[in-house]
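# Descriptive analysis of the structure
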Amino acid sequence: MRAVTFASGSGGNCALVSDGGTHILIDAGISMRRITASLKELGLSTGDVAGVLITHEHRDHTAALAMMAKRGCLRVFAPRTVANHLCWGSADMQKIISVIPAGEPFMLGGLSVTAFRTSHDTDESVGYRISGSAEFGFCTDTGCVTEDMLRALRGVDAAVIEANHDEDMLRCGSYPYQLKRRILSDRGHLSNEASARLAAELCSAGAGKLILAHLSRENNRPDAALRTVSEHLARRGLCPEIVVAPENGLCSVEFEGRERSCWPSGSSAAAG
């Protein structure tokens, strides 16, 4: 299985998960031209993509959807509230979007996909667990990590997780007070420290590779995020492979599934 980020940050978010002949996009917050170019760089086209999973309706996750709907070139999947937001005023979008229930697995190509609720300042936001030859988790745009989220993610072999900001940089930075308050809230974004705690939970349950994603351009640095997460894991005796997704450009990790005599708590439903 392989996970590739095409873009990651407030300027736009898009990632690809591939396993065998199935290729799934997660979010489409960059232009259709950039998505097509990124796929081409991997030897793929939009015709190879089984579908697009949307985490929530913010534009940095949905910018390409209007063009996708106009062309009718890709199927889009989202929770009902997110789908409703995306379809308002767009007959084209209604033709390509399918509603998925959070917490219930469904098959997309040869992969089992389960959406789980995250905590962001939208009516309904989700992360995804994708199961095939390996187990993969995708979790960004959340202000806190809930027990439901941990149950959905435990047992993954690799994951994309948010490391949005360094708290000191954010508190001392130039953002208006209300924006700082929003980001730091339980419905905002994960700090490097919170990301490190989530990473420890996942790696303790067997995750061997992590991509740190959705870094703030103004309130974080790749080296700061990597250092905070790595040092926290090292203190726990955990040494996974960790990479930081760039704001633009491809970042790829490949991983294999592990032998499992039994599933960790909470992972059986996600596996479908």
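Please read these numbers as outputs of a predicted model, since none were measured by experiment. (Residues numbered from 1 in each chain as written. Predicted model: local features only at pLDDT ≥ 70, side-chain atom pairs only at ≥ 80, totals over all residues. Heavy atoms only, no water.)

When helices and strands are counted, the chain shows 10 helices and 14 strands. Over its C-alpha atoms the chain spans a radius of gyration of 17 Å, differing by no more than 12% from the 19 Å that the globule rule assigns to 272 residues. Relative to its 272 residues, the chain shows a buried fraction of 54%. Taking contacts inside the chain between residues at least 6 apart in sequence as the whole, the part at least 24 apart equals 65%. A total of about 11500 Å² of accessible surface is found on the chain, and carbon and sulfur atoms cover 48% of it. For the chain, the distance from the average site of its 28 positive side-chain charges to the average site of its 31 negative ones is 4 Å. (Helix = DSSP H or I, 4+ residues; strand = E, 2+ residues; numbered from the N terminus. Rg over C-alpha atoms; globule rule 2.2 N^0.38 Å. Buried < 20%, exposed > 50% of the residue type's maximum accessible area, 1.4 Å probe, protein only. Contact = heavy atoms within 4.5 Å. Areas by Shrake-Rupley, 256 points an atom, 1.4 Å probe, with all protein chains shown as cover. Lys, Arg positive; Asp, Glu negative; His and termini not counted. Charge placed at Lys NZ, Arg CZ, Asp CG, Glu CD.)

With mixed pairing, seven strands are arranged side by side in an open sheet as E7-E8-E9-E10-E11-E12-E13. Because the sheet does not close on itself, it has two edges, and the strands there are strand E7 (106-108) and strand E13 (241-244). Each strand of the sheet is rotated relative to its neighbour by a mean of 25 degrees, with strand direction disregarded. Looking at chain direction, strand E12 (residues 209-213) and E13 are connected through four bridges and run parallel. Across the sheet, residue lysine 209 finds its bridge partner in E13, namely glutamate 241. Strands strand E11 (158-162) and E12 of the sheet are contacted by helix H8 (residues 192-204), whose axis makes an angle of about 165 degrees with E11. Contacts from helix H9 (residues 222-235) reach E12 and E13 within the one sheet, and its direction differs from that of E13 by about 160 degrees. (Pairing = 2+ DSSP bridges. Axes fitted to C-alpha atoms, helices over the stretch in contact; angles between N-to-C directions.)

A word on the sheet that holds strand E14 (residues 248-254). Paired through backbone hydrogen bonds, the strands of a sheet run either parallel or antiparallel to each other. Strand order in the open sheet made by the seven strands is E6-E5-E4-E3-E2-E1-E14, with mixed pairing throughout. Of all the strands in the sheet, just strand E6 (97-99) and E14 have a single pairing partner and so form its edges. When the angles between neighbouring strand axes are averaged without regard to direction, this sheet yields 20 degrees. Here strand E1 (residues 2-7) runs beside strand E2 (residues 14-19); their pairing, made up of five bridges, is antiparallel. Across the sheet, the residue bridging to threonine 5 is alanine 15, located in E2.

Right, let's get into the nonpolar core. With 29 residues, the main nonpolar core has Leu25, Ile35 and Met68 as its most contacted residues. Among the secondary structure elements, those contributing two or more residues to this core are E1, E2, helix H1 (32-41), strand E4 (49-53), helix H2 (65-71), strand E5 (76-78), helix H3 (80-87) and helix H4 (91-96). Broken down by element, this core gets its largest block of residues, four residues, from H3. Excluding anything up to four places from it in sequence, leucine 25 contacts Phe6, Cys14, Ala15, Leu16, Ile35, Val49, Gly51, Val52, Leu53 and Leu74. (Core = buried A, V, L, I, M, F, W, Y, C linked by side-chain atoms within 4.5 Å.)

We now examine the confidence of the model for the chain. Looking at the chain, pLDDT values average 94 and 95% of them are 70 or higher. Considering only residues more than four positions removed or in separate chains, one finds that residues 262-272, a stretch of pLDDT under 50, has 25 contacts. (pLDDT = per-residue confidence, 0-100.)

This part is about the packing of aromatic side chains. Within this structure, the stated rule accounts for two aromatic pairs. Considering the side-chain rings of phenylalanine 136 and phenylalanine 255, the 6.0 Å spacing of their centres and the 20 degrees angle between planes classify their relative orientation as stacked. You can see phenylalanine 136 sitting in strand E10 (residues 135-139) and its partner phenylalanine 255 sitting in the loop between E14 and helix H10 (267-271), a full 119 residues away along the chain. We note that phenylalanine 136, like phenylalanine 255, is buried. (Phe/Tyr/Trp six-rings, centres within 6.5 Å; stacked < 30°, edge-to-face > 60°.)

What follows is about the environment of aspartate 19. Looking at the secondary structure, you find aspartate 19 in strand E2. For aspartate 19, a relative accessible area of 13% puts it in the buried group. Between the C-alpha atoms of aspartate 19 and methionine 32, which are 13 residues apart in sequence, the distance is 23 Å. Leave out the neighbours within four places in its chain, and aspartate 19 touches Met1, Leu111, Gly132, Ser133 and Ala134.

Now for empty space enclosed by the protein. In the structure shown here, the tally under the stated rule is one cavity of 30 Å³ or more. As for the largest cavity, its lining consists of 13 residues, of which Ala7, Ser8, Asn13, Cys14 and Phe138 are closest to the centre. Secondary structure elements with two or more residues in the lining of the largest cavity: E1 and E2. Looking at the lining of the largest cavity residue by residue, the class counts come to seven nonpolar, five polar and one charged. (1 Å grid on protein atoms, 1.4 Å probe; cavity = no way out; pocket = protein on both sides within 12 Å on 5 of 7 lines; lining within 4 Å. Points joined across faces, edges and corners; volume = space filled by probe spheres on them. Nonpolar A, V, L, I, M, F, W, Y, C, P; charged D, E, K, R; others polar.)

Relative orientation of the contacting elements H8 and H9 amounts to 45 degrees, with a least axis distance of 9 Å. When the axis of H8 is compared with that of H9, the two are oblique. Of the two elements, H8 crosses H9, and the hand of that crossing is right-handed. Residues Asn192, Glu193, Ser195, Ala196, Arg197, Ala199, Ala200 and Cys203 of H8 pack against Ala224, Ala225, Thr228, Val229, His232 and Leu233 of H9. Residues belonging to the contact of H8 with H9 are distributed by class as follows: eight nonpolar, four polar and two charged. (Parallel < 35°, antiparallel > 145°, perpendicular 65-115°, else oblique. Left-handed = near helix turned anticlockwise from the far one by under 90°.)

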